[in-house]
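Listed below, chain by chain, are the residues.
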Amino acid sequence: MLDSQPRASYPRIMTVQPNDSILIVDFGSQVTQLIARRVREAGVYSEIAPFNAAEAAFERMKPKGIILSGGPASVTTDGSPRVPQHFFEAGVPILGICYGQQVMCEQLGGKVVGGQGEGEFGRAFVEVSNRSALFDGLWKEGDRHQVWMSHGDKVAELPAGFAPVAVSEGAPFAVTSDEKRRFYGVQFHPEVVHTPDGAKLIANFARHVCGLAGDWSMAEFRATKIAEIRAQVGKGKVICGLSGGVDSAVAAVLIHEAIGEQLTCVFVDHGLLRQGEADQVVGLFREHYGIPLVHVNAETLFLSGLKGVTDPEAKRKFIGKTFIDVFDSEARKIGGAEFLAQGTLYPDVIESVSFTGGPSVTIKSHHNVGGLPERMNMKLVEPLRELFKDEVRALGRELGLPEIFVGRHPFPGPGLAIRIPGEVTKERCDILRKADAVYLDEIRNAGLYDAIWQAFAVLLPVRSVGVMGDGRTYDSVLALRAVTSTDGMTADVFHFDPAFLSRVATRIVNEVQGVNRVTYDFTSKPPGTIEWE
């Protein structure tokens, strides 16, 4: 179910606010972040605040509209989350989604009833019965539209002032509205791609109902962040850890634009990067941008420490700790830095911290979330913390980074170590590097690179019998992975033509010594993750 597990976190708040914004109140839905994405895609700035911190966010932002997210709780349960009551008296439009619709109706005098086995999960259809400003230019009376449902509870009685707008098989009030107060409730999830017109409905709420211009852009974000960085840092020195990926690179270029020579980058090369990646990073920052860069070749240190380590979390923790040790040592040599810059993104934090702040299942730890600031007694500068991956790429283009760098597929901080299940050795890293390069080369040659969110090879801890020439081989098995996604939160497998996969497998077996069998991973996320470890 979309709202089955409360997992989320919230970005550090921007100190310089756009004039027009929408506050998203999070009740713990796994897809709340998608609401923010849809609002931003409409050219309107949005921020997410947990329900128990929504009042402070409202006072600070003075938003022109409010969206109430879905969530795993039941409105019928004592102690379930609520909306600050004065939001309904603030005179701003409100859109409630799933739990958000239910809690709004309950707090305004309506009635919500528990599931009783009559919920809707997955694709459903709504029939529009009345006109609503939410639908202007999109849906009209008598229309039938596909949506995505994920609910057990439902609204059974409407509050005063509300009217039914659309019905589904399992929800008599699939859409409701109070046009006078500009309150709208939808039982389905417009933020997910499985509701085909969902993004348009959210854009209609932001632009038409709330009356916002839709002129928020990456150019505005850039200017806002530069002002914010300058205000935060003053005349202080900043050090930034470069990983070789897009996130830290964009963060570094943005910070350099803001404070110039006050920034020094430290590139810890752990020997777990893709083929030619270290040279690309050094060339881009030293030669193209002229940013002060310390390049530390620490391959021997990392690989010796990974010897015999097979548990994926143990690998991540060792790499994270060792990165901190090396980075700390180099920072001390530089001396005088008060601030630490990181390329932390929304998804980094979402998968590392629970929505409630209490115990939750950690899917995987992220080496760039926590650790360094406490160890080094430094203040954090995280200019990308509000952004999703595609927004970071857009910002990179806005900053003039080369497309070949900005458009690169995501790469994990621990690098190839988590694409080698089992023990990590230099030999296995070299095998994987070569195979991965062949795979990506074929993807680019086929013109498919930009159609794929992430593609990579995994060197399995499995050996298989093969025949090459007249001899018997007993070598490693390689798995290929390619997915499509918009933000990395969910992902679908990319469906290559079988002839393409056959061509890639032939090249790898012929060109990469140590591999005699190639497989393809067809698993989506969920139930799998994008990376194997």
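Residues numbered from 1 in each chain as written. Predicted model: local features only at pLDDT ≥ 70, side-chain atom pairs only at ≥ 80, totals over all residues. Heavy atoms only, no water.

Peer 1: Help me understand the nonpolar core, please; the structure alone is not making it clear to me.
Peer 2: A general tendency of soluble globular proteins is for nonpolar side chains to be buried together. Core analysis: the biggest nonpolar cluster contains 91 residues, and Phe285, Tyr439 and Phe496 have the highest contact counts within it. A total of 10 residues in this core trace back to one element, the largest contributor, which is helix α6 (residues 246-259). Those residues in contact with Phe285 that lie beyond four places of it in its chain are Leu242, Ala249, Ala252, Val253, Gly290, Ile291 and Leu293. The next biggest cluster of nonpolar side chains, apart from the first, holds 35 residues, and it includes Ile97, Cys98, Ala133 and Trp139. (Core = buried A, V, L, I, M, F, W, Y, C linked by side-chain atoms within 4.5 Å. Buried < 20%, exposed > 50% of the residue type's maximum accessible area, 1.4 Å probe, protein only. Helix = DSSP H or I, 4+ residues; strand = E, 2+ residues; numbered from the N terminus. Contact = heavy atoms within 4.5 Å.)

Peer 1: When you look at the side chain of Asp26 in this model, what are you seeing that I'm missing?
Peer 2: Assignment of secondary structure puts Asp26 in strand β1 (residues 21-26). You can call Asp26 buried: its relative accessible area is 0%. Among the polar contacts made by the side chain of Asp26, one reaches the main-chain amide nitrogen of Gly28 at a distance of 2.8 Å. Reaching out from Asp26, the side chain makes a polar contact with the side chain of Ser69 at a distance of 3.3 Å. (Polar contact = N/O pair within 3.5 Å; in protein donor to acceptor, adjacent residues only side chain to side chain.)

Peer 1: Help me understand the pairing of strand β11 (residues 183-186), please; the structure alone is not making it clear to me.
Peer 2: A regular strand carries its side chains on alternate faces of the sheet. Burial along β11 is two-sided: the face carrying Phe183 and Gly185 and the face carrying Tyr184 and Val186 are both buried. Taken together, the four bridges between strand β4 (residues 94-97) and β11 define a ladder with parallel strand orientation. Residue Ile97 lies in a different strand from β11, and its bridge partner there is Val186. By the bridge criterion, four bridges tie strand β10 (residues 175-178) to β11 in an arrangement that is antiparallel. By the bridge assignment, Val175 is partnered in β11 with Val186. The antiparallel pairing of β10 with β11 creates a hairpin that spans four residues between the two strands, and Arg182 there sits at a positive phi of about 60 degrees. (Pairing = 2+ DSSP bridges.)

Peer 1: Whenever I open this one, the packing of helix α14 (residues 426-445) against helix α15 (residues 498-511) confuses me. Can you help?
Peer 2: Two numbers describe a pair of packed helices, the interaxial angle and the distance between the axes. Where α14 contacts α15, the two axes come as close as 10 Å, and the packing angle between them is 145 degrees. Both α14 and α15 take part in a crossing whose hand is right-handed. Here Ala435, Val438, Tyr439, Asp441, Glu442 and Ile443 of α14 lie close against α15, whose contacting residues are Phe500, Arg503, Val504, Arg507, Ile508 and Glu511. Among the residues forming the contact of α14 with α15, the class breakdown is seven nonpolar, no polar and five charged. (Axes fitted to C-alpha atoms, helices over the stretch in contact; angles between N-to-C directions. Left-handed = near helix turned anticlockwise from the far one by under 90°. Nonpolar A, V, L, I, M, F, W, Y, C, P; charged D, E, K, R; others polar.)

Peer 1: Can you help me understand the state of the cysteines in this one?
Peer 2: Cysteine pairs can be covalently joined through their sulfur atoms, and such a bond is termed a disulfide. In this structure the tally under the stated criterion is zero disulfides. There is no disulfide at Cys265, and the cysteine sulfur nearest it, in Cys240, is 4.6 Å away. On the accessibility criterion, Cys265 (0% relative accessible area) is buried. (Disulfide = S-S within 2.5 Å.)

Peer 1: Would you explain the packing of aromatic side chains in this entry?
Peer 2: Each aromatic ring pair is described using two quantities: the centre-to-centre distance and the angle formed by the ring planes. Applying the stated rule across the entire model yields 16 aromatic pairs. Plain terms: the ring middles of Phe323 and Phe327 are 5.6 Å apart, the flat faces sit at 25 degrees to each other, and that makes the pair stacked. Highlighted residues: Phe323 and Phe327, both in helix α9 (residues 312-334), separated by four residues, approximately one helical turn. Each ring, one from Phe496 and one from Phe500, has its centre 4.5 Å from the other, and the planes form 15 degrees; the classification is stacked. For the pair Phe496 and Phe500, a shared accessibility class is recorded, and that class is buried. Following the ring pairs from residue to residue traces out a cluster consisting of Tyr439, Phe494, Phe496, Phe500, Tyr520 and Phe522. (Phe/Tyr/Trp six-rings, centres within 6.5 Å; stacked < 30°, edge-to-face > 60°.)

Peer 1: Can you help me understand the environment of Val462 in this one?
Peer 2: Summarising the element assignment, Val462 is placed in strand β17 (residues 454-468). Residue Val462 is classed as partly exposed on the basis of its relative accessible area, which comes to 41%. Counting along the chain gives 41 residues from Val462 to Pro421, while the straight-line C-alpha distance between them is 9.5 Å. The residues contacting Val462, other than those within four sequence positions of it, are Asp475, Ser476 and Val477.

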